[in-house]
Amino acid sequence: MEFEDRVPFVVRLESEDRQALFARGTRLVFPVRQVLLRQHEPSAHVLILLSGWTKVTSAAANGYEALLALRGPGDIIGDGAAVSGRHRSATVTALGQVEALAVETEQFNALLDERPGITKKLLALTADRTRDSDRRRVQYAAMNVQERLALLLLELMRGHGRDSQEEGVRLTPGLTQSELAGSVGASREAVARLLKDLRERGIVRTERRSLVVIRPEALRRMARHDVR
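Residues numbered from 1 in each chain as written. Predicted model: local features only at pLDDT ≥ 70, side-chain atom pairs only at ≥ 80, totals over all residues. Heavy atoms only, no water.

## Side note on the overall build of the protein
Here is the rule: For the purposes of this entry, the term helix denotes a DSSP run of H or I that reaches at least four residues, the term strand denotes a run of E that reaches at least two, and both are numbered from the N terminus. The globule rule used for comparison is 2.2 Å times the number of residues to the exponent 0.38, while the radius of gyration itself is calculated over C-alpha atoms. Throughout, exposure labels follow a simple rule: accessible area from a 1.4 Å probe, protein chains only, divided by the maximum for the residue type, with under 20% read as buried, over 50% as exposed, and the rest as partly exposed. What makes two residues a contact is simply this: any of their non-hydrogen atoms within 4.5 Å. Areas reported as accessible are Shrake-Rupley estimates using a 1.4 Å probe. Residue values count occlusion only from the protein chains shown.
A tally of helices and strands in the protein yields nine helices and twelve strands. By the compact-globule yardstick of 17 Å for 228 residues, the protein fits well, its C-alpha radius of gyration being 18 Å. Considering only C-alpha atoms, the protein reaches an extent of 55 × 35 × 35 Å along its principal axes. Counting the 228 residues in the protein, one finds 46% classified as buried. In the protein, of all internal contacts separated by at least 6 residues, the share reaching a separation of at least 24 is 71%. When the accessible surface of the protein is totalled, it reaches about 11,500 Å², and 49% of it is carbon and sulfur.

Printed below as a string of structure tokens:
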């Protein structure tokens, strides 16, 4: 299972296309927890992430919030709204300090017309993200909540884990229980109960806005998958 697309947008571009895109951008810096793009707002620009990581979340009218993806260096965000002309479908928040290039929507769309190579790579990226999302949805449908949570934690550990000063691997994204719940299709209360059970069994350690995986092999058994 791929929790997020593994090939950033700018890496896909030819050198000349990459330079043309960067030439249209204005450099911005966002502090930790600042919102870069907000759900339901009209599109004014797209962002090319240069450094730092962000979380992409979507909230329902009743407050239910789901983590859709994590985006980092080389990724593009806000492109869907820019191309479709619709309002933004998700909120993007900085997990740490983030540096990005902002390209105004009109300039970005003009660039797509001028450089078909960029357009093709953007279409390929969109297709890859859709395929990953569809695969995750099918895979999750065959699992119960505990299995889905275990698999999610393993994916976060693989892509965003670092060795803790103490025992275990710390997940660097500061995700809330509500975001984890939305990602696995469960209530926050259900995820809180599962995390409590994992803590009591010595599989994870939870801290304020942080989680450390102590026994990943136990999560693999729960997920019924050997995630490598």
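## Things to note about the environment of Ala82
Within the secondary structure, Ala82 sits in helix H3 (residues 79-84). The class for Ala82 is buried, based on a relative accessible area of 4%. For the pair Ala82 and Asn109, spaced 27 residues apart in sequence, the C-alpha separation works out to 7.4 Å. Once residues lying within four places of it in the same chain are set aside, the contact partners of Ala82 are Ser43, Val46, Thr105, Phe108 and Asn109.

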